[in-house]
Amino acid sequence: MNIKLEKLSYIYNPETPFEKKALDEIDIEIDKNEFIGVIGHTGSGKSTFVQHLNGLIKPTSGKLTIDGKDITDKETKLTEVRQKVGLVFQYPEYQLFEETIYKDIAFGPENLKLDKDEVHRRVKKSMGLVGLDFEKMKDRSPFELSGGQKRRVAIAGVLAMEPKVLVLDEPTAGLDPSGRDEILEQIDRLYKEGNITIILVSHSMEDVAKLAGRVVVFSGGKIMFDGETREAFKHSKKLEELNLGVPQITKFMQKLKEKNIPVRDDVLTVEEAKIEVLKYLRGKAND
Ligand code: ADP
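Residues numbered from 1 in each chain as written. Predicted model: local features only at pLDDT ≥ 70, side-chain atom pairs only at ≥ 80, totals over all residues. Heavy atoms only, no water.

## Considering unusual backbone geometry
The line we're drawing: Here a strand is any run of E in DSSP of at least two residues, a helix any run of H or I of at least four, and the numbering for each starts at the N terminus.
You will see that Glu15, though not glycine, has its phi angle at about 55°, which is positive. Not every positive phi belongs to a glycine, and Lys113 is a case in point at roughly 60°. When you line up the elements, Lys113 lands in the loop between helix H3 (101-111) and helix H4 (116-129).

Listed below in structure tokens is the structure:
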């Protein structure tokens, strides 16, 4: 699975007083089995970008190919593209509508006209992937669930299409800290278990740092940075100029380094920082 955007621009309401260029000559290539964090503040173009990835909107200019097929080509079947690239919108739980969890998750696969056994297999598997007990939950109403659980049902509905690429637009928005952690853990597990590319849109540097190997930073409809997550946080001044902080733990280590304490300042997690600080303290104890 390969997605390639070349000089892609998108303009909302062209040739009207409300004209707005949301993406400005974007170049990016996404390969299989990547975990990409997409960050940027509100209005930077993240949602417009991800809506292109499954053909929901089409470029105003430039080119988008999915597995070599041009999305604007009449021969390209958008239903096939949408099967390959699953998009979980912001607040996806608002799209739940069936009376049982089973029926909600089965909706997509049933639309593919799959037989009953295959639909059943997919619903069961998807519920497992998001950590919902099949037997206990399948006949319950999605509306009785907690916010985090509802969101998991919505994600399972997209996974039941067995996409090669899963795009999640701010999947933790509005959840309490434990709901947030649960969803992020599920996403991490999904990536590690499956043969899948994950694109996680977030404005939380903490979330991205924990999970994504590659980060793409949007600003004013352009890509300001695209590279390894660790590299991105080396440009912390620039990120702060864009109102995107670096993770607190990275900032903490950068402060230590400024005070001439010889530790790595590109750590991304508390665990990594602990190892660095202990190494330093042990070194001192031996001095
Ligand atoms: P983000 O997801 O980073 O918040 P968006 O892609 O939603 O950014 O928005 C990029 C720009 O396009 C913003 O200036 C936004 O106001 C504008 N925009 C987004 N959706 C629409 C729309 N439906 N009509 C007009 N302008 C829009």
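## Brief notes about the nonpolar core
Selection rule: Among buried residues, those of type Ala, Val, Leu, Ile, Met, Phe, Trp, Tyr and Cys that are joined through side-chain atoms within 4.5 Å constitute a nonpolar core. For each residue, the accessible area found with a 1.4 Å probe, counting protein chains only, is set against the maximum for its type, and the residue is called buried under 20%, exposed over 50%, and partly exposed in between. Should any heavy atoms of two residues lie within 4.5 Å, those residues are counted as being in contact.
One finds Ile105, Val123, Met127, Leu166, Leu168, Ile198 and Val217 to be the most contacted residues of the largest nonpolar core, which totals 48 residues. Once residues within four sequence positions are removed from consideration, Leu166 is found in contact with Gly86, Val88, Val158, Leu159, Leu190, Ile196, Thr197, Ile198 and Ile199. The next biggest cluster of nonpolar side chains, apart from the first, holds 27 residues, and it includes Met1, Leu8, Ile30 and Val50.

## Observations regarding the domain arrangement of the protein chain
For the record, the criterion: Domain start and stop points were drawn from an automatic or database domain assignment. Two parts lose some accessible area (1.4 Å probe) when they are put together, and adding that loss for both gives the buried area. Salt-bridge detection follows one rule: a side-chain nitrogen of Lys or Arg within 4 Å of a carboxyl oxygen of Asp or Glu. For the purposes of these results, a polar contact is taken to be a pair of N or O atoms within 3.5 Å, where, inside protein, one atom must be able to donate a hydrogen and its partner to accept one; residues adjacent in sequence count only when each atom of the pair is a side-chain atom.
Split by domain assignment, the protein chain resolves into domain 1 (3-246) and domain 2 (247-287). Between domain 1 and domain 2, the buried area comes to about 920 Å², and carbon and sulfur atoms account for 56% of it. Remark: the boundary between domain 1 and domain 2 carries one salt bridge. Note that Glu272 is salt-bridged to Arg230, the shortest N-O span being 3.0 Å. On inspection of domain 1 and its partner domain 2, the count reaches three residue pairs in polar contact (both at pLDDT 80 or more). Only helix H8 (205-211), helix H9 (229-232) and helix H10 (236-241) provide two or more residues apiece to the side of domain 1 that touches domain 2. It is H8 that provides the largest number of residues to the side of domain 1 that touches domain 2, a total of three residues.

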